[in-house]
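Next come the chains, spelled out residue by residue.
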Amino acid sequence: MQTALVFCIWAQFAAAMLLFGGGLFRLLLGGLAAAIDRDLVRALRGATAVACLSALGWLMLEAANMGEGWSDAIDPATVEAVLRDTDFGHVWTARLVMALFLVAFAVAPASRRAFRFGTALSALFLASLALTGHAVMDEGVAGTLHPLNQMAHLLAGGAWIGALLPLWLCLRRGVEADALTLLAVRRFAGLGYVSVAAVLASGIANTWFLIGSVNGLVATFYGRLLLVKLALVVAMLALATLNRFRLAPEIEVRPVSRAWLVRSVVAEILLAVGILAAASFLGTSAPTI
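Presented here is a report on the structure given in the accompanying data block. (Residues numbered from 1 in each chain as written. Predicted model: local features only at pLDDT ≥ 70, side-chain atom pairs only at ≥ 80, totals over all residues. Heavy atoms only, no water.)

**Description of the overall build of the chain**
- A count of helical and extended segments in the chain gives ten helices and zero strands.
- The dimensions of the chain, computed from C-alpha atoms along their principal axes, are 60 × 50 × 35 Å.
- Looking at the 289 residues of the chain, the share that counts as buried comes to 51%.
- Pairs at least 24 apart in sequence give 75% of the contacts found in the chain among residues at least 6 apart.
- When the accessible surface of the chain is totalled, it reaches about 13700 Å², and 70% of it is carbon and sulfur.
- Once the 20 positive and 16 negative side-chain charges of the chain are each reduced to a mean point, those two points are 16 Å apart. (Helix = DSSP H or I, 4+ residues; strand = E, 2+ residues; numbered from the N terminus. Buried < 20%, exposed > 50% of the residue type's maximum accessible area, 1.4 Å probe, protein only. Contact = heavy atoms within 4.5 Å. Areas by Shrake-Rupley, 256 points an atom, 1.4 Å probe, with all protein chains shown as cover. Lys, Arg positive; Asp, Glu negative; His and termini not counted. Charge placed at Lys NZ, Arg CZ, Asp CG, Glu CD.)

This is the structure in structure tokens:
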């Protein structure tokens, strides 16, 4: 059951971040991005389906944990009790409603208005994940600041990770250094500066909220798992730095740099998958273990 829950959390993180970051980056690209709309819309529709299915799966697993096992995962009375009587259920009811509206935007014809409203809704959908985990365990001032910080962390991470797919779609089109490619590289660099700074700042704050000391990073399973996630983030930052300051400036004069940039973006996506997997394990582990 624990493995299934981790998988559902990972799928929920990945889908929500792609919906937000992919839609946001598409808006930043403007009219030139019509060339990738077909592939991007297909990916966003797939992410919407994954978001809905993983949300339902997560709810059913919570019902199984609240009840007496797997049979309660599909027991209507237990599922209703989770939605009605728990804080998780109250948040999840709102998220399921948002998921239904995301489906409506996903099946609508692609347009700037659809991307705008869909991205705004996906931002709420992603940020609301902060109200279901460790961030809501605190009381007092920390009980207010921690969820807000976690929302910032999720949105910043979503903007960075989710934008990687449309960037890759722009780069892989086979048109050397065209206007869309150059615009995508420039806009991703600008988005990256803001997103990375926010991810690092909010990540440090989250570590303080949850662990509170350097010793906690090495003396607990949770802390060591957090160090694994941090190592993956550092590797992703290293690739992003290589892309920004070495490969991206050369794509107009060295065609081979474009091919290397495509490979590097794919490597960033794979690292992001690992980061979200680590975050999913963290979400099901107690910070004191």
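The rest of the description comes next.
**Thoughts on a nonpolar patch on the surface**
- Where nonpolar side chains cluster on the molecular surface, the patch consists of Val97, Phe101, Phe105 and Phe117 and spans about 370 Å² of accessible area.
- The element best represented in the nonpolar patch is helix α4 (residues 87-107), accounting for three residues.
- Assignment of secondary structure puts phenylalanine 105 in helix α4.
- Using a relative accessible area of 30% as the deciding quantity, one classes phenylalanine 105 as partly exposed. (Patch = residues over 30% accessible without salt bridge, like charges linked within 9 Å, V, L, I, M, F, W, Y side chains within 5 Å. Salt bridge = Lys/Arg side-chain N within 4 Å of Asp/Glu carboxyl O.)

**Here we look at helix α9 (residues 221-247)**
- Helix length check: α9, at 27 residues, gives a terminal C-alpha distance of 38 Å against a target of 39 Å (1.5 Å per residue), a fit within 8%.
- Looking only at α9, the buried set comprises Tyr222, Gly223, Leu225, Leu226, Lys229, Val233, Met236, Leu239, Ala240, Asn243 and Leu247. (Expected span 1.5 Å × (residues − 1).)

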